[in-house]
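Overview (structure and organization)
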Amino acid sequence: MYERKIPLTLGCGFELVRQVVNGKWKFMLLYCLHEGITRPSAMERALPGISRRVINIQLNQLIGHGLVSKQDYEEMPPRVEYFLTDLGKSLIPFIIDLGTWGEEHKGTLQLNIV
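Notes on the structure in this doc start here. (Residues numbered from 1 in each chain as written. Predicted model: local features only at pLDDT ≥ 70, side-chain atom pairs only at ≥ 80, totals over all residues. Heavy atoms only, no water.)

**Concerning the overall build of the chain**
Applied cut-off: By the criteria applied, helices consist of DSSP H or I runs no shorter than four residues and strands consist of E runs no shorter than two, each listed in order from the N terminus. Each residue is assigned to one of three classes by its accessible area relative to the maximum for its type, calculated with a 1.4 Å probe on protein chains only: buried under 20%, partly exposed between the two thresholds, exposed over 50%. Contacts were defined at the residue level, with two residues in contact if any of their heavy atoms lie within 4.5 Å. Note that His is not counted, nor are the chain ends; the positive residues are Lys and Arg, and the negative ones are Asp and Glu. Positions of charges follow a simple convention, taking NZ of Lys, CZ of Arg, CG of Asp or CD of Glu.
In terms of regular secondary structure, the chain is built from six helices and two strands. Ordered by position from the N terminus, the helices and strands of the chain form the series α-α-α-α-β-β-α-α. In terms of overall dimensions, the chain has C-alpha extents of about 50 × 35 × 30 Å along its principal axes. Each of the 114 residues in the chain was classed as buried or not, and the buried ones make up 23%. Considering only intrachain contacts with a sequence separation of at least 6, the fraction spanning at least 24 residues in the chain is 42%. Charge centroids of the chain, computed over 13 positive and 12 negative side chains, lie 7 Å from each other.

Laid out in structure tokens, this is it:
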């Protein structure tokens, strides 16, 4: 297990949120779960460019933070599904607002991305 060499100092809410949702795909994974996409294979199809390994790593991190829960089914072949917890559901309005803001300012923002 990875151990940090430098301890985290979470002085404000922004730093805490950044630590929890920091990751290229975490917002998109949370949004997929909100949309009803609960299986990793379906997430992989819905998000071109993401690998199964990254899905598993970032979902496990979200589980560790209490935003997502995991359901294993005892069947063959094995099946697993992920669901938003109440804490994860409370983050969805902010994710939607950020996406809306991005769409509204898409033209301006794309000009400034190198």
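**Some details on the layout of surface pockets**
Our working definition: Using only the protein atoms, space was sampled on a 1 Å grid; points where a 1.4 Å probe fits but cannot get out form cavities, open sets with protein on both sides within 12 Å along at least five of seven lines form pockets, and lining residues are those with an atom within 4 Å of a point. Grid points are joined across faces, edges and corners, and a volume is the space filled by probe spheres set on the points. For this scheme, ten residues count as nonpolar: Ala, Val, Leu, Ile, Met, Phe, Trp, Tyr, Cys and Pro. Four count as charged, namely Asp, Glu, Lys and Arg, and the remainder, Gly too, count as polar.
Considered as a void within the structure, the second largest pocket measures approximately 200 Å³ in volume. Surrounding the second largest pocket, K24, W25, F27, M28, Y31, I95, L98 and G99 form its lining. When contributions to the lining of the second largest pocket are tallied by element, the ones reaching two or more residues are α2 (26–34) and α5 (86–104). Here the lining of the second largest pocket is composed, by residue class, of six nonpolar, one polar and one charged.

**Section: the pairing of strand β2 (residues 79–84)**
How we decide: Pairing between two strands requires that DSSP report at least two bridges joining them.
Direction of pairing for strand β1 (residues 68–73) relative to β2: antiparallel, over a ladder of six bridges. By the bridge assignment for β2, S69 is matched with F83. The loop that links β1 with its antiparallel partner β2 comprises five residues.

**Describing unusual backbone geometry**
Trans is the prevailing form of peptide bonds, just as negative phi is the prevailing case for residues other than glycine. The omega torsion of the bond from M76 to P77 falls at -5 degrees, within 30 degrees of zero and hence cis. Relative to the helices and strands, P77 resides in the loop between β1 and β2.

**What to know about the packing of α2 against α5**
Keep this limit in mind: To obtain an axis, a line is fitted to C-alpha atoms, over the contacting stretch when the element is a helix, and the angle between two such axes runs from 0 to 180 degrees between their N-to-C directions. Convention used here: angles under 35 degrees read as roughly parallel, angles over 145 as roughly antiparallel, angles from 65 to 115 as roughly perpendicular, and any remaining angle as oblique. Note on convention: near helix rotated counterclockwise from far helix by under a right angle means a left-handed crossing. Clockwise means right-handed.
Where α2 meets α5, the closest approach of the two axes is 10 Å, and the angle between their N-to-C directions is 115 degrees. Between α2 and α5, the angle falls in the class roughly perpendicular. Judged by the sense of rotation from one axis to the other, the crossing of α2 with α5 is left-handed. Mapping the contact onto sequence places F27, L30, Y31 and H34 in α2 and L91, I92, I95, I96 and L98 in α5.

**Structural notes on the environment of F27**
Relative to the helices and strands, F27 resides in helix α2. Here F27 falls in the partly exposed class, since its relative accessible area comes to 32%. Taking the C-alpha atoms as reference points, F27 and G107, separated by 80 residues in sequence, lie 21 Å from one another.

**Some remarks on the nonpolar core**
This is how the line gets drawn: The definition of a nonpolar core used throughout is a set of buried Ala, Val, Leu, Ile, Met, Phe, Trp, Tyr and Cys residues joined through side-chain atoms within 4.5 Å.
Judged by nonpolar contacts, the single largest core of 20 residues is most densely connected at L29, L30, L33, M43, L59, L67 and V68. Listing elements by their share of this core, those giving two or more residues are α1 (13–21), α2, α4 (52–64), β2 and α5. Residue contributions to this core peak at four residues, all from α2. Among residues more than four places away in sequence, those in contact with M43 are L29, C32, L33, I37, T38, I50, I55 and L59.

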